[in-house]
Number of protein chains: 2
Amino acid sequence: MVKVKIMKAISERNDEVAREIRENLKNLKITSINLISSPGSGKTTLIERTISLMKGKINFGVITGDLFTPLDAERVEKAGAIAFQLNTEGSCHLTAPMVKSALNEIQLSGINLLFIENVGNLVCPSVWDIGENYRVVILSVTEGSDKVEKYKTAFYGAGAVVISKIDLLEHCDFSLEKVKADLSAINPRASVFFLSAKTGQGMDSWCGYIERIACAS
Amino acid sequence: MVKVKIMKAISERNDEVAREIRENLKNLKITSINLISSPGSGKTTLIERTISLMKGKINFGVITGDLFTPLDAERVEKAGAIAFQLNTEGSCHLTAPMVKSALNEIQLSGINLLFIENVGNLVCPSVWDIGENYRVVILSVTEGSDKVEKYKTAFYGAGAVVISKIDLLEHCDFSLEKVKADLSAINPRASVFFLSAKTGQGMDSWCGYIERIACAS
């Protein structure tokens with residue numbers, strides 16, 4: 001009973017801070033995206049490519065979550081965004097209080113869209129509200145088309161799902177039809193994008209989505 | 001303080017059960033492997049291929065961990081092993097008590113090697129002893145060569161590391177040299193295998209390892 005109570009207290013405190021973050025970002029007219037995927041599905045590469053393609057149109061801020069290293073923030077900063085690295089020191093997901101502490105360190109005025117790149121993990125980040133407006137889940141074609149069915153908690157609340165690395169589609173046993181069918185059973189309202197941040201294929205449609213949600217706030 | 005105490009109690013109880021499992025498997029002359037990776041790195045495919053290549057030489061038992069579905073156990077059973085599916089109902093890693101409950105359901109006599117396929121997650125399973133003799137971590141070339149550095153906790157205690165999907169190497173920005181360098185800094189004693197369970201390339205060497213550790217018990 002004690003354990004349940006403590007976990008509930010942690011979770012309630014998290015959700016309270018998440019609401020506070022959402023309110024503050026709304027006042028600043030900043031749209032925020034919580035980017036969730038397995039390690040190596042292409043979160044950082046998608047952010048880099050989006051920033052370079054939309055430079056001058058949208059001002060980006062990026063909070064990158066990682067266990068120990070500063071590697072992702074360095075990459076994103078090079079691409080031209082304001083970036084802040086959050087290291088969880090081994091913890092498996094970001095929390096709202098972590099994101100709040102990062103926001104205190106960033107010059108927010110002028111930013112239109114904030115990417116929050118979660119720790120590479122398709123399980124734990126799914127159940128933590130970190131104050132985002134939209135949750136975007138990335139699944140690369142190299143991971144196999146059973147992943148929506150197997151990791152459904154991640155896909156339930158996604159505003160958008162990105163099927164990434166489609167330049168590798170012809171080399172993988174991946175059925176777009178199965179993924180589409182599983183998604184429409186679990187979360188039929190999610191926008192779905194098929195793209196390769198490496199070759200640029202499908203990036204137009206994704207950037208259109210980013211522009212729409214950034215301007216809506 | 002209360003939270004710390006409870007977590008310590010859970011962890012101590014886990015480690016106690018893990019020791020008990022190891023002792024029981026030792027008495028039965030069964031070698032056990034805890035297979036850890038991100039979702040979609042190829043754990044199940046590697047198990048399937050290993051079983052078909054070593055049929056008649058080694059008798060395999062497999063416990064497959066997954067959040068909700070029975071998909072992996074069904075695949076492994078088809079390949080010719082005794083399989084048991086453990087569903088964690090959303091929890092992000094296996095624990096020793098879960099494995100113990102699965103072992104109570106399996107006919108163990110005659111098995112030489114037990115694969116325990118953990119939940120697809122490169123973070124949380126790393127810090128839980130589930131009674132294994134060897135920890136094997138799989139990293140696919142499609143995930144990128146920064147992953148040993150970024151998810152070092154998973155690679156610290158690995159007896160072996162499998163670099164999988166090398167049939168896709170030419171299509172990916174993946175540096176085997178970087179991964180080797182990072183591994184030798186973090187865990188120089190780990191055996192390293194480069195293979196494709198799909199094409200069969202490199203499977204000889206991996207099967208040799210499996211045979212050696214199975215016969216050693």
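Scoring rules and cut-offs
- Residues numbered from 1 in each chain as written.
- Chains lettered and ligands numbered in written order.
- Predicted model: local features only at pLDDT ≥ 70, side-chain atom pairs only at ≥ 80, totals over all residues.
- Heavy atoms only, no water.
- Helix = DSSP H or I, 4+ residues; strand = E, 2+ residues; numbered from the N terminus.
- Rg over C-alpha atoms; globule rule 2.2 N^0.38 Å.
- Buried < 20%, exposed > 50% of the residue type's maximum accessible area, 1.4 Å probe, protein only.
- Salt bridge = Lys/Arg side-chain N within 4 Å of Asp/Glu carboxyl O.
- Phe/Tyr/Trp six-rings, centres within 6.5 Å; stacked < 30°, edge-to-face > 60°.
- Least-squares fit on C-alpha atoms with pLDDT ≥ 70 in both.
- Contact = heavy atoms within 4.5 Å.
- 1 Å grid on protein atoms, 1.4 Å probe; cavity = no way out; pocket = protein on both sides within 12 Å on 5 of 7 lines; lining within 4 Å.
- Points joined across faces, edges and corners; volume = space filled by probe spheres on them.
- Nonpolar A, V, L, I, M, F, W, Y, C, P; charged D, E, K, R; others polar.
- Buried area = accessible area lost by both parts, 1.4 Å probe.
- Polar contact = N/O pair within 3.5 Å; in protein donor to acceptor, adjacent residues only side chain to side chain.

Chemist: Could you give an account of the overall build of chain A, with specific residues and numbers?
Modeler: A tally of regular secondary structure across chain A gives eight helices and seven strands. Relative to the compact-globule value of 17 Å for 217 residues, chain A shows a C-alpha radius of gyration of 17 Å, a close match. C-alpha extents for chain A along the principal axes are approximately 50 × 45 × 35 Å. Per-residue burial over chain A gives 55% buried out of 217 residues.

Chemist: Give me the lowdown on the pattern of salt bridges, citing residues and values where you can.
Modeler: Inspection of the entire model under this criterion finds 22 salt bridges over all chains. A salt bridge links arginine 75 of chain A to glutamate 48 of chain A; the nearest nitrogen and oxygen atoms lie 2.9 Å apart. Of the two residues, arginine 75 of chain A sits in helix 3 (residues 71-79) while glutamate 48 of chain A sits in helix 2 (residues 43-54), which places them 27 residues apart along the sequence. Judged by relative accessible area, which is 28%, arginine 75 of chain A ranks as partly exposed. When salt bridges with common partners are traced through the structure, they connect Asp66 and Asp72 of chain A together with Lys150 of chain B into a single cluster.

Chemist: I'd like to hear about the packing of aromatic side chains, residue by residue, with values.
Modeler: Tallied over the full model, the rule gives ten aromatic pairs over all chains. Residues phenylalanine 60 of chain A and phenylalanine 115 of chain A carry aromatic rings whose centres are separated by 5.7 Å and whose planes lie at 5° to one another, so their mutual orientation is stacked. On the criterion of sequence distance, the pair formed by phenylalanine 60 of chain A in strand 2 (residues 60-66) and phenylalanine 115 of chain A in strand 4 (residues 113-117) is long-range, its members being 55 residues apart. Phenylalanine 60 of chain A gets classed as buried once you look at its relative accessible area, which sits at 6%. Judged by relative accessible area, which is 0%, phenylalanine 115 of chain A ranks as buried. Each ring, one from phenylalanine 193 of chain B and one from tryptophan 206 of chain B, has its centre 5.7 Å from the other, and the planes form 80°; the classification is edge-to-face. Residue phenylalanine 193 of chain B is found in strand 7 (residues 191-194), and its partner tryptophan 206 of chain B is found in helix 8 (residues 203-215); the two are separated by 13 residues along the sequence.

Chemist: Which residues make up the relation of the copies chain A and chain B, and what are the values?
Modeler: Copy one and copy two of the chain differ by a rotation about a common axis and a shift along it. Once chain A is rotated about the relating axis by 180° and shifted along it by 0.0 Å, it coincides with chain B to within an RMSD of 0.0 Å. Taken together, the rotation and translation relating the two chain copies correspond to the operation of a two-fold axis. With an isologous cut-off of 70% or more, the 100% of interface residues of chain A that recur at the interface of chain B puts this contact in the isologous class.

Chemist: Before we move on, could you go through the layout of surface pockets and cite the residues and values that matter?
Modeler: Estimated volume of the largest pocket: approximately 1200 Å³. Of all the elements in the fold, those that place two or more residues in the lining of the largest pocket are helix 1 (2-27) of chain A together with helix 1 (2-27) of chain B. Here the element with the most residues in the lining of the largest pocket is helix 1 of chain B; it accounts for four residues. Partitioning the lining of the largest pocket into residue classes produces 18 nonpolar, twelve polar and three charged.

Chemist: Describe the environment of valine 76 of chain B, naming the residues involved and giving the relevant values.
Modeler: Residue and element names in this part refer to chain B. Residue placement: valine 76 occurs in helix 3 (residues 71-79). Expressed as a C-alpha distance, the spacing of valine 76 and serine 205, which sit 129 residues apart in the sequence, is 21 Å. In this structure, valine 76 is in contact with Thr44, Ile47, Ile51, Val62, Thr64, Ala81 and Ala83, ignoring residues within four places of it in sequence.

Chemist: Describe the interface of chain A and chain B, naming the residues involved and giving the relevant values.
Modeler: Tallying the contact residues gives 37 residues for chain A and 37 residues for chain B. Taken over both partners, the interface formed by chain A and chain B buries close to 3000 Å², and the fraction arising from carbon and sulfur atoms is 63%. On the chain A side of the interface with chain B, the three residues burying the most area are Pro39, Lys150 and His171 of chain A, jointly 19% of the side's total. Put simply, chain A and chain B have four salt bridges between them. For aspartate 72 of chain B, the salt bridge is made with lysine 150 of chain A, and the minimal N-O distance between the two is 2.8 Å. Across the chain A-chain B interface, the total number found is ten residue pairs in polar contact (both at pLDDT 80 or more). Secondary-structure elements contributing two or more residues to the side of chain A that touches chain B are helix 1, helix 3, helix 5 (147-150) and helix 6 (152-156) of chain A.

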